[in-house]
Each structure stands twice: as C-alpha cells, then as structure tokens.
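Listed below, chain by chain, are the residues.
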Amino acid sequence: MFSGSADPAEEKKGEDKAEPIVLSKEAQEKVEKAYVVETVELTEEEVAVMKAVSKGDYSALEQDWDTFQVKASVPGDGDDDDDDDDEDDDDEDEDEEEKEEDEEVEDEE
C-alpha cells in the first residue's frame, strides 16, 4: 500500500483505522453451519446391502444392475460398434480418393 509517505510508522497508523467487517445474522448462521455434516439415516434395505457388500456379497447390487439394464435397453437399437465400422469405411474411401488425386498431379508434371 503506497500512501505517498516514506515513514512506515505513518503507513501502519492508516492500516489500524480499518473497520472490522460486520456480518448479518443470516450470514453468521451460514458461516456457523457451513462445516456441519448432516447425518442421513439409512433404510433397512440400504443397511442390509452395506453389510452384504462389506462381506463381499454383491448379489443385491448385481440384481439392481440387471433390472436397470433391462429397463434402459431399447429393442432394435442395434450395436453402436457397427457405426464405428461405417466411419472406418468412409476414411478408407477418402484415402483412396487422395491417392488418385496425387497420381493425377504426378501424371500432369
């Protein structure tokens, strides 16, 4: 902070005059609650799954996953890998066209 004075003691006097920041009640409450972790009670089903998982039994989760997969799948959607193959074919066609153009340029020279 440069106040135009060469005396550091005078600069400190100016810093002491700064007013403290006063927070509203709402802001103070938010600050006090900022690091408070809310605890959530698990359901009986969740507790049972957690116990099973801690023992290495993932069957309940696998069953949920299988149910989700069936609901999420769209019949007749096809395999997305086929689309990748089509893109590869297009790239090969472009490469062949470029080779033909290069050969034509060489023939003209």
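Residues numbered from 1 in each chain as written. Predicted model: local features only at pLDDT ≥ 70, side-chain atom pairs only at ≥ 80, totals over all residues. Heavy atoms only, no water.

## Regarding the overall build of the protein
Rule in force here: Numbered from the N terminus, helices here are DSSP runs of H or I no shorter than four residues, and strands are runs of E no shorter than two. Residue burial considers only the protein chains on display, and all accessible areas are found by Shrake-Rupley using a 1.4 Å probe.
Counting secondary structure elements, the protein contains five helices and zero strands. In sequence order, the secondary structure elements of the protein are arranged as α-α-α-α-α. Surface exposure of the protein reaches about 11000 Å², of which carbon and sulfur atoms provide 48%.

## Thoughts on a negative patch on the surface
Using the following cut-off: Patches draw on residues past 30% relative accessible area with no salt bridge. Two like charges within 9 Å are joined, as are two nonpolar side chains (Val, Leu, Ile, Met, Phe, Trp, Tyr) within 5 Å. In what follows, salt bridge is the name for a side-chain nitrogen of Lys or Arg lying within 4 Å of a carboxyl oxygen of Asp or Glu. When charges are tallied, Lys and Arg are placed among the positive residues and Asp and Glu among the negative ones, while His and the ends of the chain are skipped. To locate a charge, the coordinates of NZ of Lys, CZ of Arg, CG of Asp or CD of Glu are taken. The classification of residues rests on relative accessible area computed with a 1.4 Å probe and restricted to protein chains. Under 20% of the type maximum is buried, over 50% is exposed, and intermediate values are partly exposed.
Side chains of Glu-94, Glu-96, Glu-97, Glu-98 and Glu-100 sit close together on the surface and give a patch of like negative charge. Along the chain, Glu-98 turns up in helix H5 (residues 80-108). The class for Glu-98 is partly exposed, based on a relative accessible area of 46%.

## A word on the pattern of salt bridges
Within this structure, the stated rule accounts for one salt bridge. Residue Glu-26 is joined to Lys-30 by a salt bridge in which the shortest nitrogen-to-oxygen separation is 3.5 Å. Here Glu-26 and its partner Lys-30 are both found in helix H2 (residues 25-33), four residues apart, which amounts to about one turn of the helix. Note on accessibility: Glu-26 and Lys-30 belong to one class, exposed.

## Quick notes on the confidence of the model for the protein
Reading predicted coordinates in detail is not appropriate for stretches of low pLDDT. Condition: Every residue carries a pLDDT, the predictor's confidence in it, which falls somewhere between 0 and 100.
Averaged over every residue, the pLDDT of the protein is 77; the share at 70 or more is 60%. Of all helices and strands in the protein, the one with the weakest mean pLDDT is helix H1 (residues 8-16) (58), whereas helix H3 (residues 44-54) scores best (94).

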